[in-house]
Each structure stands twice: as structure tokens, then as C-alpha cells.
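Survey of secondary and tertiary structure
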Amino acid sequence: MNTPLIVAVPSKGRLQENAGAFFGRAGMNLTQSRGARDYRGTLTGVEGVEIAYLSASEIASQLAAGAVHLGVTGEDLVRESIPDADAKVLLVEGLGFGHANVVVAVPQAWIDVRTMRDLDDVATHFHATRGRRVRVATKYLNLTRGFFARHGIVDYRIVESLGATEGTPAAGTAELIVDITTTGSTLAANALKVVEDGVILRSEANLVASLNADWNPGARAAARALLDRVTSAKLAATMREVKTRFVACDGAVVEEAVRRFRASAPFGAPTSSGMVTLHCPPDTLHALAVFLREKGAATVSVGPLDYVFAASNPLYAKLEEKIG
Ligand SMILES: Nc1ncnc2c1ncn2[C@@H]1O[C@H](COP(=O)(O)OP(=O)(O)OP(=O)(O)O)[C@@H](O)[C@H]1O
Ligand SMILES: O=P(O)(O)OC[C@H]1O[C@H](OP(=O)(O)OP(=O)(O)O)[C@H](O)[C@@H]1O
Ligand SMILES: [Mg+2]
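Residues numbered from 1 in each chain as written. Chains lettered and ligands numbered in written order. Predicted model: local features only at pLDDT ≥ 70, side-chain atom pairs only at ≥ 80, totals over all residues. Heavy atoms only, no water.

As a further point, take the sheet that holds strand S13 (residues 240–245). Strand order in this open sheet of three strands is S14-S13-S15, and the pairing throughout is antiparallel. The two strands at the open ends of the sheet, each matched to only one other strand, are strand S14 (275–280) and strand S15 (300–304). The sheet shows a mean angle of 20° between the axes of neighbouring strands, direction not considered. As defined by bridge partners, S13 adjoins S14 across six bridges and the pair is classed as antiparallel. By the bridge assignment for S14, arginine 240 is matched with cysteine 280. Across the face of the sheet, helix H11 (residues 285–294) comes into contact with S13, S14 and S15 while running at roughly 5° to S13. (Pairing = 2+ DSSP bridges. Helix = DSSP H or I, 4+ residues; strand = E, 2+ residues; numbered from the N terminus. Axes fitted to C-alpha atoms, helices over the stretch in contact; angles between N-to-C directions. Contact = heavy atoms within 4.5 Å.)

In the region of ligand 2, the neighbouring residues are Arg14, Glu166, Asp179, Ile180, Thr181, Thr182, Thr183, Gly184, Ser185 and Thr186. Between threonine 182 and ligand 2, the recorded distance is 2.8 Å, taken from a backbone N or O atom to an oxygen atom. At a separation of 2.5 Å, an oxygen atom of ligand 2 approaches a polar side-chain atom of threonine 183. For ligand 2, the cavity whose grid points lie within 2 Å of the majority of its atoms is the largest pocket. For the shell around ligand 2, the elements supplying multiple residues, two or more each, are strand S10 (176–181) and helix H8 (185–189). When residues of the shell around ligand 2 are assigned to their parent elements, the largest contribution, three residues, is made by S10. Classifying every residue of the shell around ligand 2 by side-chain character gives one nonpolar, six polar and three charged. (Near = heavy atom within 4 Å. Polar contact = N/O pair within 3.5 Å; in protein donor to acceptor, adjacent residues only side chain to side chain. 1 Å grid on protein atoms, 1.4 Å probe; cavity = no way out; pocket = protein on both sides within 12 Å on 5 of 7 lines; lining within 4 Å. Sits in = over half its atoms within 2 Å of the grid points. Nonpolar A, V, L, I, M, F, W, Y, C, P; charged D, E, K, R; others polar.)

Rendered as C-alpha cells:
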């Protein structure tokens, strides 16, 4: 049976607005309607899609469980909440928003601690002299355990923190923390510093696919269409369309334009009347127009592109390779 492609989108928080804008750029708009038990919606522009509005952390677990096909969530949440994440989900693409680093941070007053190695020494010394282990406050339990183990640090204990983690050293409930930081202002306000080699993960929002979901033919077709739109809108955003026509415009002129201005001629050489369409990155656009005028163009028009549909769909290809 063909059931819809279920796409999970953050229902609140800092990722919500950006997720809506991401689909919008690809010409798909999110609509929301309040259902009986949870929030459901639709996506305009693609058939057979159902939107599930969930919190960013819930999206990670629903992807792991295969309850949704695709989702927008942070890589930090994926890596933290899904053991052996690469076997259960595919990070289809980083979305360029929701940037945050998961870091190890210690009090600025710990002047001897610059590296994880220094932290190891302090932790060992702390245990030996105080008879208890240093406490690390975090909600990233798994990321912390894995990272500390890779650094050979064993003399510590995790104190689970569900909020205001940066305040725990001053409050006396932990000695150091693992948390996310974006601007660094919360760490600074709490007199904490990031350990130099203590960046556990550089996270951003990702479009994530579940490998455990029911990838029936209908769901695949909808995913293919959705990813086709994403790819073609993204490609279009990297270039402008340049059009001109002049008698002296021939293959040699176009070849030179392509070579010097990183342009492409998607529809080939100029017509017999010297009409040509080029695609050109924004930074070389003016230089290209000047060049075409020098060659004889009276008019060069430039316009934005909404979509460039190429024959290949690399995002879907990547997904298909995983789901078989
Ligand atoms: N400065 C930041 N602070 C917190 N999260 C951030 C920040 N920048 C990006 N993010 C990302 O946003 C995601 C968390 O989103 P959000 O806080 O909205 O959801 P949540 O954690 O499920 O909800 P809540 O924190 O309200 O319980 C994470 O992937 C995180 O990496
Ligand atoms: O490096 P900065 O730019 O200061 O941002 C990092 C802070 O922002 C987040 O908190 P948020 O305000 O989302 O509250 P929350 O912990 O309740 O999610 C996060 O948990 C950090 O505390
Ligand atoms: Mg949050």
C-alpha cells in the first residue's frame, strides 16, 4: 500500500522558522492544521507528503524508529539520541542554519587547563586528592561518554542537566560542562572557556532520512520529487541567467566566456543569429556582461533563476543507494 511520505519539521524553537524558509526556497510551502492528537500539515508543490510537526529532539528519535521518512533536525540531536546513527539514518544534506558546536567547557579560572590532555591530568588529580570524581554537567550523555573515552579520560562522572547547564559550575553542582554554543556569550557570561581540542561536534540543521521507514513506491516518488526541487532550487541560487544576441556571437566567444567567467552554456553554442543563453555565478556577472559588450552585444539581459532541473538528482541518488 502506498502511504504518504511523512516529513517531520520542527514545531517550535530556533529551527522552526528556518525550516519553513528552506522548503519555501525550493517552492514548497508548509501548511499547518491542528489534528486530534498531534500537529499535522501538508507541503504545497509535492504530492503525497504529510508534515508531522514535532520538537527537534523528537524528530531524531522518530527518524531512528522509522516513524517518519524525512526530517529536519540538528546533527547534535541525531548523534546524541541515535546509537550507531549511520546505520539508522542518512544525513542527506546540511541546511546552513542551526549552527552550534557541542563543546567541553571549564571555568576560566582553570588556567592550567587548555587541552583535553590537561583536563585528564586535572581529573586524575581531582579524584586522587578529593576522593571523588569531577562532575560534568550535560544533556549530551552519549556524545560526552564517547568523546571522553576517545581522549582516555575515565576519572569523571556525568551529572545529567536538563537546563541552565552553564550555571552548574557556579552553583557548585558540577565542575565542568558539555553543552552547545553558538555565539559563546552564555559561556562567557558564566566565566567558562572552551577547551582547545574540546569541540565534540560542529552541528547544523540537516535534512535527515530514516533508513528504517516504510519506503514504499509512493513514499519514494514523493521523496524523489521533494529532493529534485531542493536540488534544482539550490543549483539555481548559485547562478544567474544571461541572455544576448549579436552577429559576432559565435562558438569561440562562448568558449572564452565559459573559460574566463566560470559561466556555462547549458543549451550549447549560439544560434545562427548569435542568440545565446549562459549561466553565470553572481561574482563574475558584470565582467561577463562587459566582455559580451566588447565583442559587440548591444544588450545583455540578466535574470534570476528559480530552478535548474538537471538530469541527475544527487540527493535522491544518495538516499536510494541506502534504502536499496
Ligand atoms: N544557540 C543554540 N542554542 C540551542 N540550540 C541551538 C542553537 N543553535 C542551534 N541550535 C540547534 O537547535 C536544535 C535544538 O532546537 P530546539 O532548542 O528548538 O529544540 P529542543 O531542544 O527539542 O527544544 P527545547 O530546548 O525547547 O526543549 C539543536 O539541534 C541545536 O543544535
Ligand atoms: O553560545 P550562545 O549563543 O550563548 O548560545 C548557547 C545557549 O543557547 C541555548 O540555550 P537556549 O537559549 O536555547 O535555551 P535552552 O537551553 O532552554 O534551549 C543553549 O542551550 C546554550 O545555553
Ligand atoms: Mg533548546
